[in-house]
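Inside the fold
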Amino acid sequence: YQCDWSSDVCSSDLFGVSAAFAGNYGSVTVETVKDDKTHAESLVEYYRIGKGMGWFNLDLTARNARAEKNGALSNSLEVGMSSGTGSLFWGAGVGHDFAAKQTQYGFATVGLGQKMGVLNANAGLRFRTGFADSNPTQLLAFAGVSMPVAKGVAVDAGFSRSYKDIKETGWNAGLRFDF
């Protein structure tokens with residue numbers, strides 16, 4: 001989750017939910033993820049767009065993942081709504097995972113963001129649960145920073161750790177474009 005507090009624009013370049021203080025954005029993020037149990041690694045790409053609509057944002061996230069060891073591919077698509085006030089942000093939505101075992105799920109995100117010098121820092125939690133009892137649940141803790149590098153362009157970096165059925169650790173970097 002990244003916030004540009006100088007323009008009151010927040011977007012979740014990390015987890016598919018954006019707070020709509022005002023803004024339209026697009027982002028590309030690359031993440032290295034390691035399964036905490038099997039130690040298998042994956043390279044994940046996130047492509048996001050968001051549209052500000054009054055007091056909330058409508059957000060769309062496409063996720064592509066490739067397992068490093070065997071090259072297995074998985075994809076997911078999420079749509080969500082988000083908002084925020086002050087340093088607090090929240091959001092919720094639904095997604096579909098197109099992996100070998102396809103699942104539908106819902107998610108909710110809550111967090112805090114703060115401007116720290118030239119950096120915009122954030123931290124929060126995201127809970128994901130499947131609509132069927134056999135689908136995995138995930139509680140994800142995340143933190144990140146964003147640094148504006150030009151008007152409407154920021155470089156983002158972050159860390160995440162997930163718990164429950166899905167246990168992973170991830171590091172990511174990306175670019176966000178506000179328009």
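To start, this report covers the structure provided alongside it. (Residues numbered from 1 in each chain as written. Predicted model: local features only at pLDDT ≥ 70, side-chain atom pairs only at ≥ 80, totals over all residues. Heavy atoms only, no water.)

Turning next to the pattern of salt bridges. Per the counting criterion, the structure on display carries 6 salt bridges. In this structure, the salt-bridge partner of E68 is R66, at a minimum N-O distance of 3.8 Å. Judged by its relative accessible area of 34%, R66 falls in the partly exposed class. Between R126 and E78 there is a salt bridge, and its shortest N-O distance comes to 2.7 Å. Remark: E78 occurs in strand β6 (residues 73-85) and R126 occurs in strand β9 (residues 119-130); sequence separation between them is 48 residues. We classify R126 as buried; its relative accessible area is 10%. Each of D156, R176 and D178 takes part in salt bridges that share partners, so that together they form one network. (Salt bridge = Lys/Arg side-chain N within 4 Å of Asp/Glu carboxyl O. Buried < 20%, exposed > 50% of the residue type's maximum accessible area, 1.4 Å probe, protein only. Helix = DSSP H or I, 4+ residues; strand = E, 2+ residues; numbered from the N terminus.)

What follows is about the layout of surface pockets. A volume near 1,100 Å³ is recorded for the largest pocket. Lining the largest pocket we find 42 residues, and of these R63, S74, D97, I166 and E168 sit closest to its centre. When residues in the lining of the largest pocket are grouped by element, the largest group, 5 residues, is from strand β5 (residues 56-67). Tallied by class, residues from the lining of the largest pocket come to 16 nonpolar, 10 polar and 16 charged. (1 Å grid on protein atoms, 1.4 Å probe; cavity = no way out; pocket = protein on both sides within 12 Å on 5 of 7 lines; lining within 4 Å. Points joined across faces, edges and corners; volume = space filled by probe spheres on them. Nonpolar A, V, L, I, M, F, W, Y, C, P; charged D, E, K, R; others polar.)

What is expected of a backbone is that most residues other than glycine have negative phi and most peptide bonds are trans. Despite not being glycine, H39 shows a phi value in the positive range, around 70 degrees. Inspection of the secondary structure puts H39 in the loop between β3 (25-35) and β4 (41-53). For K164, which is not a glycine, the phi torsion comes out positive at approximately 80 degrees. Positionally, K164 belongs in strand β11 (residues 153-164). Judged by relative accessible area, which is 44%, K164 ranks as partly exposed.

This part covers the pairing of strand β8 (residues 103-116). Here 10 bridges tie strand β7 (residues 88-97) to β8, and the two strands are oriented antiparallel to one another. Counted as the bridge partner of G91 is T109 from β8. When β8 meets β9, the two strands line up antiparallel, connected through 12 bridges. Along β9, the bridge assignment pairs Q114 with A121. As consecutive antiparallel partners, β8 and β9 are separated by 2 residues, and within that stretch G117 has a phi angle of approximately 70 degrees, a positive value. (Pairing = 2+ DSSP bridges.)

Strand order in this closed barrel of 10 strands is β3-β4-β5-β6-β7-β8-β9-β10-β11-β12, and the pairing throughout is antiparallel. Averaged over all pairs of adjacent strands, the angle between their axes in this sheet comes to 20 degrees, without regard to strand direction. (Axes fitted to C-alpha atoms, helices over the stretch in contact; angles between N-to-C directions.)

Right, let's talk about the packing of aromatic side chains for a bit. Counted under the stated rule, the structure contains 2 aromatic pairs. Note on W55 and F56: the rings are 5.2 Å apart at their centroids and 65 degrees apart in plane angle, and the pair reads as edge-to-face. With relative accessibility at 63%, the residue W55 sits in the exposed group. Between F159 and W171, the ring centres sit 4.6 Å apart and the planes meet at 55 degrees, which makes this aromatic pair tilted. Placement of the pair is F159 in strand β11 and W171 in strand β12 (residues 168-178), with a sequence separation of 12 residues. Owing to a relative accessible area of 56%, W171 belongs among the exposed residues under this scheme. One residue, R128, lies across the ring of Y105, its end atom 3.8 Å from the ring centre. (Phe/Tyr/Trp six-rings, centres within 6.5 Å; stacked < 30°, edge-to-face > 60°. Lys NZ or Arg CZ within 6 Å of the ring centre and 35° of its normal.)

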